[in-house]
Amino acid sequence: MMTGASSLLRNGDVVASAEIPCVSLADFREQVLQACEGGARIATLFGRLADAGRVRLFAVLANDAEGQLALWSTEVVDGYPALTPACIQAHWFEREIAEQWGIRPEGHPWLKPIRFHRSYREGHDAWGRSAETPIQPGVTDFFKMTGDEVHEVAVGPVHAGIIEPGHFRFQCHGEHVYHLEISLGYQHRGVERALVGGPNKRTIPYLETLAGDTTIGHALAYCEAIEALAGCQVPARAQALRAIALELERLANHTGDLGALANDIGYLPTASYCGRIRGDFLNLTALICGNRFGRGLIRPGGVLFDLDEARHKQLEERLAEAHKDVTNAVELLWDTSSVRARFENAGPVSREMAVELGLVGVVARASGLGHDVRSQFPSGIYRFAQIPVSSYHTGSVFARAYVRWMEIQRSIAFVFDQLKALPDGPVRSEVGALAADSAVVSLTEGWRGEICHTALTDAHGRLAHYKIVDPSFHNWMGLALALRNQQISDFPLCNKSFNLSYCGHDL
Amino acid sequence: MLRTLLARAQQKHRTVGFPKLPPVLPDRLRGRPAIDAAKCPAGCRICADTCPTDAITLDGKGPRLDLGCCLFCPECERACPEGAIRFTTEHRLAASRREDLVLGEKEFQLARALDEKTRRIFGRSLKLRQVSAGGCNGCESDVNVLNTVVFDLGRFGVQFVASPRHADGLLITGPVTQNMELALRKTYEAVPSAKLVIAVGACAISGGPYVGHPEQRNGADRNLPVDLYIPGCPPHPITILDGLLRLLGRIE
């Protein structure tokens, strides 16, 4: 028997907390499993403390075809039958729930911590650890292979390059990788818990440094959530400037990634040019707001910096220059057979696997899937100005590189269009008090993929809970599986083709 | 082959003239703030109350701004009704001592060069191991960019190396998370003496926006002796380069 209907929402719709259906565990499971069976994705699945020491689980199921989000919840005490055995895309979320709230998803096939911190519910630990047991990152069970000449390669948390920390374990026979397991949590800074009770003066810096290379993406998802809760209309000019900044962020990162991919196979011309052109895009963001990563630009209600006429002209001219240079640099890749030979067939992720794991963003589109928040759940100016979805079907390093290149071209065209037709008017409106006892789900297509923020307010209109899902949260497992039956020497190449965020995952 | 050569011609020579020539910076860059305490009305504390990291304190003689905590966000400048606090495009921000980062009455003391003996060792060849200990990939990215043709760090004999055992020092970013504390200490111990420690960004200097969180340690100098502080969120690559070159005595 179903009790209550789900809250069907669009991106940015506000719903009163009392109207979020809270159903029996059996119904909750059935709703999630049925929806995923029917092609929906789990955009977020999280717990929060409810009355009497219980934990309330919330699920947001994204139906890409309809552009709709279904919101369900249920209450659990210490454990529940895990969703993962029947719905693989829940696997990482359920590990997170276990770690944060000491809830055991019974029957989860590989229940391990993901960030290595103490449970938020005192006296409840999913692994029965006492308060005195030290929790050390990376100290946990790992898959092991045994047999003659089988060996294990362990890398990190400190890596060879200038990158964030994570731990990777490969089970190998010679060069051949049978399995890769990724253990994260080294970057955990406690962002989500610190957001509770806000908004306050520290809220925006948290969002801007949540994943520093996605400053615009996360700040935008947050601001759109707040504006929805406050019933604030953002001026058209600000919406356009935000989208320009979001696309510049995508351009800088995609260009940097193509350069880094070229570097990893030793094709130095593109590596060298793209390293520089990435900076040219970052400098365009700095032209707008003074900071290469866009810090200080996006604020609830709009943006803090406007384009005067001279700046507008300069932006167009410099974008045209960068367009010419990036085209020249990237086309070298496709014209060079040795590059194609190294990219093609490396690190494949099949379409079926992408669906099963619930992958998002560039990685999903490179496996032939078509989801893109800008297209299916548009907000802001994207409701009026569409960007075609770029996808490719082979799921290899080549596909992930080529999707980036298609997106670069489309983002540049989009920014030119926006600059040509930039609406007049103010760039910021007043933001009033937030609706009390309400919830909102805010989606943004960051350069890596879908960013999902869920905000719940208390009786005073303060943030009672704030759940963040960086696209990397969905995609790290994709990288692990892409390495199966590959050569370990291809790991840097495969890793770069995903280029996932450590701090965005660790929060 | 011909295409590759034609591309090379189109992409041109792009290395910046800095430090011989002044750097080209965005006109809206928020560099070193300038404080005009004479404009501050008695009892006003708007800037201090606005600052997300409490980088600004008031001691009766006007605002003191700790660049080690400052996120270089536009909030204080926008909030001040008197225009007493404003960001300049001054990119030189690096300092040798933590206390030198506090802007106030004194003249700002830029980073000093290493003493002559140390400079004889590192001055023409400095190998650094970078460790991100909770960094958001902002500082990491703008350190990494020094390796591109634009900044061409190699021309100064500075290089980032893969192993701490090949390094002369560490360049640390991030507030030093609890989960990276051990790895950072082990990496430091693996660097042969004499060794340098460079803290880049508000997080590595003070914890940045994460100051006070139990999940982190409020920056690198709580555990390690820091020789160079480079503030920012993140610092502009030119600011980082300027700091490194000052340390090596390549810029006076």
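1. Looking at the overall build of chain A
Across its full length, chain A holds 16 helices and 16 strands. Viewed in the frame of its principal axes, chain A has a C-alpha envelope of about 65 × 60 × 40 Å. Buried residues in chain A amount to 59% of all 507 residues. Taking all contacts inside chain A whose residues are at least 6 apart in sequence as the whole, residues at least 24 apart take part in 67%.

2. Concerning unusual backbone geometry
In this structure, P157(A) follows G156(A) across a cis peptide bond, with omega equal to 20°. Note that the residue after F18(B), namely P19(B), is joined by a cis bond; omega there is 10°. Within the fold, P19(B) resides in the loop between α1 (2–11) and β1 (33–35). Look at L507(A): it is not a glycine, yet its phi comes out positive at around 60°.

3. Points about the domain arrangement of chain A
It is common to give the size of an interface as the accessible area that goes away when the parts come together. All names here are of chain A. Assigned domains within chain A: domain 1 (7–106), domain 2 (150–183) and domain 3 (191–497). Ranked by residues supplied to the side of domain 2 that touches domain 3, first place goes to strand β11 (residues 176–183) with 7 residues. Of the residues that constitute the side of domain 2 that touches domain 3, the class distribution is 7 nonpolar, 2 polar and 2 charged.

4. Section: the packing of helix α6 (residues 236–264) of chain A against helix α15 (residues 491–498) of chain A
Residues and elements named next belong to chain A. Direction vectors running N to C along α6 and α15 enclose 175°, while the axes themselves pass 9 Å from each other. By the criterion of interaxial angle, the relationship of α6 to α15 is roughly antiparallel. Each of D257, A260, L261 and D264 in α6 lies in contact with α15, whose residues at this interface are P492, L493, K496 and S497. Its residues assigned to classes, the contact of α6 with α15 comprises 4 nonpolar, 1 polar and 3 charged.

5. Some details on helix α8 (residues 309–335) of chain A
With 27 residues, α8(A) extends 39 Å between its outermost C-alpha atoms, agreeing within 8% with the 39 Å of an ideal straight helix rising 1.5 Å per residue. Among the residues making up α8(A), those that are buried are L315(A), L319(A), A322(A), D325(A), V326(A), N328(A), A329(A), V330(A), L332(A) and L333(A). Structurally, α8(A) contributes buried residues whose contacts are with α6, α7 (268–289), α9 (337–343) and α13 (397–420) of chain A together with α1 of chain B.

6. Quick look at the sheet that holds strand β16 (residues 463–469) of chain A
Residues and elements named next belong to chain A. Pairing is antiparallel across the open sheet formed by 4 strands, whose spatial order is β2-β14-β15-β16. A strand with exactly one partner marks an edge of an open sheet, and here the two such strands are β2 (14–16) and β16. Geometrically, the sheet is characterised by an average inter-axis angle of 15° between neighbouring strands, direction not taken into account. Judged from the 6 bridges that link them, strand β15 (residues 450–457) and β16 form a sheet pairing that is antiparallel. Residue A455 lies in a different strand from β16, and its bridge partner there is Y466. On the sheet, helix α5 (residues 215–230) packs against β2, β14 (438–445) and β15 and is oriented at approximately 145° with respect to β14.

7. Some points on the environment of D424(A)
With respect to the element layout, D424(A) can be found in the loop between α13 and β14. When the C-alpha atoms of D424(A) and R237(A) are compared, they prove to be 6.0 Å apart, with 187 residues separating the residues in sequence.

8. Concerning the pairing of strand β6 (residues 126–132) of chain B
Residue and element names in this part refer to chain B. With 6 of its 7 residues buried, β6 lies for the most part within the structure. Across 3 bridges, the pairing between β6 and strand β7 (residues 158–160) is parallel. Note that in β7 the partner of L128 across the bridge is F160. Assessed by its sense of winding, the connection that carries the chain from β6 through helix α5 (residues 138–144) to β7 is right-handed.

Calculation notes
- Residues numbered from 1 in each chain as written.
- Chains lettered and ligands numbered in written order.
- Predicted model: local features only at pLDDT ≥ 70, side-chain atom pairs only at ≥ 80, totals over all residues.
- Helix = DSSP H or I, 4+ residues; strand = E, 2+ residues; numbered from the N terminus.
- Buried ≥ 20, exposed ≤ 12 C-beta atoms within 10 Å, placed from the backbone.
- Contact = placed C-beta atoms within 7 Å.
- Domains from an automatic or database assignment.
- Nonpolar A, V, L, I, M, F, W, Y, C, P; charged D, E, K, R; others polar.
- Axes fitted to C-alpha atoms, helices over the stretch in contact; angles between N-to-C directions.
- Parallel < 35°, antiparallel > 145°, perpendicular 65-115°, else oblique.
- Expected span 1.5 Å × (residues − 1).
- Pairing = 2+ DSSP bridges.
- Right-handed = clockwise from strand over helix to strand, strands pointing away.

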